[in-house]
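Working through the structure, step by step
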Amino acid sequence: MPWRLLKHGLTSSHNEPRFFPESRPLKPHYDVVIIGGGGHGMACAYYLAKEHGITNVAVLEQGYIGGGNTGRNTTIVRSNYLTPEGVKFYDTSLKLFEDLADDFDLNIFYSTRGHFTLAHTDSALRTMRWRAEVNKHHGIDSEVVDRDFIAKEVPYMDLDCAGHSPVMGALYHAPGAVARHDAVAWGYARGAYNRGVEIHQKTRVNAIRTQGDRVTGVETDRGFVSCNKVVSMVAGSTPRITSMLGLQTPIEIYPLQACVSEPVKPFMDTIVVSGSLHVYVSQSSRGEMVMGASVDPSVLHSTRSSFDFVEGLTDKMIDLFPFMSRMKVMRQWAGMSDITPDFAPIMGKTPIDGFYLDAGWGTWGFKATPVSGKTMAWTLANDRNHELIEPFRLSRFTDFDLVGEKGAASVGH
Amino acid sequence: MKVFDCPVIGRRPISEFDYVGEVRTPPMDADETTWAEYVFNRNGAPGLLREWWYHRPTGRWYVMERDTVKDEVLRFIDLEDVRYDIPA
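This is a predicted model, so every value here is computed, not measured.

**Here's the deal with the overall build of chain B**
Counting its secondary structure elements, chain B contains one helix and six strands. Overall, chain B shows an N-to-C arrangement of helices and strands of β-β-β-α-β-β-β. Reported as C-alpha extents along the three principal axes, the dimensions of chain B are approximately 45 × 30 × 20 Å. Within chain B, buried positions represent 10% of all 88 residues. Within chain B, residue pairs in contact and separated by at least 24 positions form 41% of the contacts whose partners lie at least 6 positions apart.

Structure follows, in structure tokens:
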């Protein structure tokens, strides 16, 4: 690879194929405008074109493709949730993930690792058992395992957690995996683009125009675009979009931070999560330890990162993995999580005709990328909610019909 | 933002405080839809937010107005200003 780079450096032109086209003018009208060019937006565009033949679609992205939460998560894919609604939804996603590399003809570095959620208390173990039973009922490989099993699979972990909060058992989910998040967004984007979808980066939506209760178009910093349907897939920027329409939602934005260590030789082939300690860790294919904690304590619309986060996280991490005390943190960053009161997303139709929402992705968005794209594309094409996302409709809050997804990661519950 | 400059107890580290959330007034006599909106919906947009913060060491409650983009407290609000009457 360096030789190839050098060769390109010495010649004035090279024919390396572009993934995406350079900027082009906006058309005056599209059938569907997707706001947000992250994994979800690209997946939705891809399935609209591939499965529904809708190709007069524009994806408008204020920054660059996959530059928001798609590029900021810790890339864990799993389906061992707590509610039947969540389990069915995320399992469909996991199955889609397994075939993505073939679909895209692109290596997404999908790597099945096995996923341990540690229990340090009786009540946590009780919840693990509950989750395992719900999972098994829906045919998902998930079981409660004891200390001996964990000691055998994760031999380098201190099961006594430095004596503070000994591990009592864990929920083990063998299909738990990691994937390269950027590649997922790029693969969907290239697939959508090859089928005729337009991708416009550095294009910001400033307003959404309506007539009566119907969407008629979007006002961007590159001019007005008329359209029949608009879908907002912007995660942490959702309140900025919904406030353009005066649409009330329960979404609040909290930063979620993560960091990676310097790269080391591969030693960790599983994903370890502790809800009680608020840590999760896996080793990337480059050898970095990818680590995350819980969301910041207060609302913030910013991607600033803090020392408090690294301090709190490494304190817990060293209890579990004492040898890591000599490793250095290499990078840290934050994403804006759009948190809902029941830790489930908000998807589908809204009271405004032609405006669809794919939001409330909090700390659980990456693993839902394929299924959210697929079900939202179906919803846009048929103008009614796909059955898998019906439980996640916005009106559940006025119907007092919440989901109660406590299997979500990195949220205090 | 790591320190609150509090008019009552002076400069205190933010880690001493619990975040309780947006200051809101419940609708006293309303239908179920209005109540559901009060219970679940939030002003999630970036900008100024009046929020409750609880100081654990002293057990006191404060209301602060904060810029949720810059993470800066602009002023402390007199609790009288957020008080409301509960109907008899």
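Back to the text.
**Let's talk about the interface of chain B and chain A**
Listed as interface residues are 14 residues of chain B and, on the opposing side, 19 residues of chain A. The biggest single contributor to the side of chain B that touches chain A is helix α1 (residues 32-40) of chain B, with four residues. Taken together, the residues that form the side of chain B that touches chain A break down as seven nonpolar, four polar and three charged.

**Side note on helix α3 (residues 84-104) of chain A**
Residue pairs three or four apart in sequence face the same way in an α-helix, which turns once every 3.6 residues. All names here are of chain A. Taking 1.5 Å per residue, 21 residues should reach 30 Å; α3 reaches 30 Å between its end C-alpha atoms and fits that length. The sharpest bend along α3 measures roughly 40° and falls at Glu 98. Buried-residue contacts for α3 involve β3 (76-77), α4 (122-137), α6 (181-194) and α9 (369-382). Positive backbone phi, at 55°, marks Asp 105, one or two positions downstream of α3.

**Re the nonpolar core**
Note on soluble globular proteins: their nonpolar side chains tend to be buried together. Residue and element names in this part refer to chain A. Of all hydrophobic cores here, the largest spans 115 residues; its most connected members are Val 32, Val 33, Ile 34, Cys 44, Ala 45, Leu 48 and Val 57. The leading source of residues in this core is helix α2 (residues 39-52), at eight residues. No fewer than three residues from each of domain 1 (26-110 + 178-250 + 341-413) and domain 2 (111-177 + 252-339) sit in this core. In this view, Val 57 contacts Tyr 30, Asp 31, Val 32, Ile 34, Ala 45, Leu 48, Ala 49, Val 197 and Glu 198; residues no more than four positions away in its chain are not counted.

**Overview of the confidence of the model for chain B**
Residue and element names in this part refer to chain B. Looking at chain B as a whole, the pLDDT averages 92, with 99% of positions reaching at least 70. Model confidence for chain B, summarised as mean pLDDT per element, is weakest for strand β1 (residues 3-6) at 90 and strongest for strand β4 (residues 48-55) at 96. In the predicted complex, the global pTM is 0.94; the interface-specific ipTM is 0.94.

**Let's talk about the sheet that holds strand β4 (residues 111-112) of chain A**
Residue and element names in this part refer to chain A. Ordered by their spatial adjacency, three strands build an open sheet running β3-β8-β4, and the pairing between neighbours is antiparallel. Pairing within the sheet leaves two strands with one partner each, and these edge strands are β3 and β4. Bridge count between β4 and strand β8 (residues 177-178): two bridges; the pairing is antiparallel. Bridge pairing links Thr 112 to Ala 177 in β8.

**Some details on the environment of Met 244 of chain A**
All names here are of chain A. For Met 244, the location among the structural elements is in the loop between α7 (238-242) and β13 (252-261). A C-alpha to C-alpha distance of 11 Å links Met 244 and Glu 219, two positions 25 residues apart in sequence. The residues touching Met 244, leaving out its near neighbours within four places in the chain, are Ala 207 and Ile 208.

**What about the pairing of strand β10 (residues 205-211) of chain A?**
Sheet topology note: the β10 of chain A/strand β11 (residues 214-220) of chain A ladder contains six bridges and is antiparallel. By the bridge assignment for β11 of chain A, Ala 207 of chain A is matched with Glu 219 of chain A.

**Quick word on the domain arrangement of chain A**
In many analyses, interface size is given as the accessible surface area lost on bringing the parts together. All names here are of chain A. Once the domains are mapped, chain A shows domain 1 (26-110 + 178-250 + 341-413) and domain 2 (111-177 + 252-339). Between domain 1 and domain 2, the residue contacts involve 34 residues of the former and 35 residues of the latter. Elements represented by at least two residues in the side of domain 1 that touches domain 2 include exactly β3, α3 and α7. For the side of domain 1 that touches domain 2, the leading source of residues is α3, giving five residues. Classifying every residue of the side of domain 1 that touches domain 2 by side-chain character gives 16 nonpolar, 14 polar and four charged.

**So, the sheet that holds β4 of chain B**
All names here are of chain B. Pairing is antiparallel across the open sheet formed by four strands, whose spatial order is β3-β4-β5-β6. Each edge of the open sheet is held by one strand with a lone partner, namely β3 (17-22) and β6 (72-77). Strand-to-strand, the axes of this sheet are offset by a mean angle of 35°, without reference to chain direction. As defined by bridge partners, strand β5 (residues 60-67) adjoins β6 across five bridges and the pair is classed as antiparallel. Its bridge partner being in β6, Asp 67 is matched across the sheet by Glu 72.

**So, unusual backbone geometry**
Residue and element names in this part refer to chain A. Non-glycine residue Thr 75 carries a positive phi angle of around 60°. Following the sequence through the fold, Thr 75 ends up in the loop between β2 (57-60) and β3. Despite not being glycine, Phe 343 has its phi angle at roughly 55°, a positive value. Position of Phe 343 relative to the elements: it lies in the loop between β17 (329-339) and β18 (346-349). Among the residues examined, Phe 343 registers 24 C-beta atoms within 10 Å and is labelled buried.

Rules used in this analysis
Residues numbered from 1 in each chain as written. Chains lettered and ligands numbered in written order. Predicted model: local features only at pLDDT ≥ 70, side-chain atom pairs only at ≥ 80, totals over all residues. Helix = DSSP H or I, 4+ residues; strand = E, 2+ residues; numbered from the N terminus. Buried ≥ 20, exposed ≤ 12 C-beta atoms within 10 Å, placed from the backbone. Contact = placed C-beta atoms within 7 Å. Nonpolar A, V, L, I, M, F, W, Y, C, P; charged D, E, K, R; others polar. Expected span 1.5 Å × (residues − 1). Bend = angle between axes of the 7 residues up to and from the residue. Core = buried A, V, L, I, M, F, W, Y, C linked by C-beta atoms within 7 Å. Domains from an automatic or database assignment. pLDDT = per-residue confidence, 0-100. Pairing = 2+ DSSP bridges. Axes fitted to C-alpha atoms, helices over the stretch in contact; angles between N-to-C directions.

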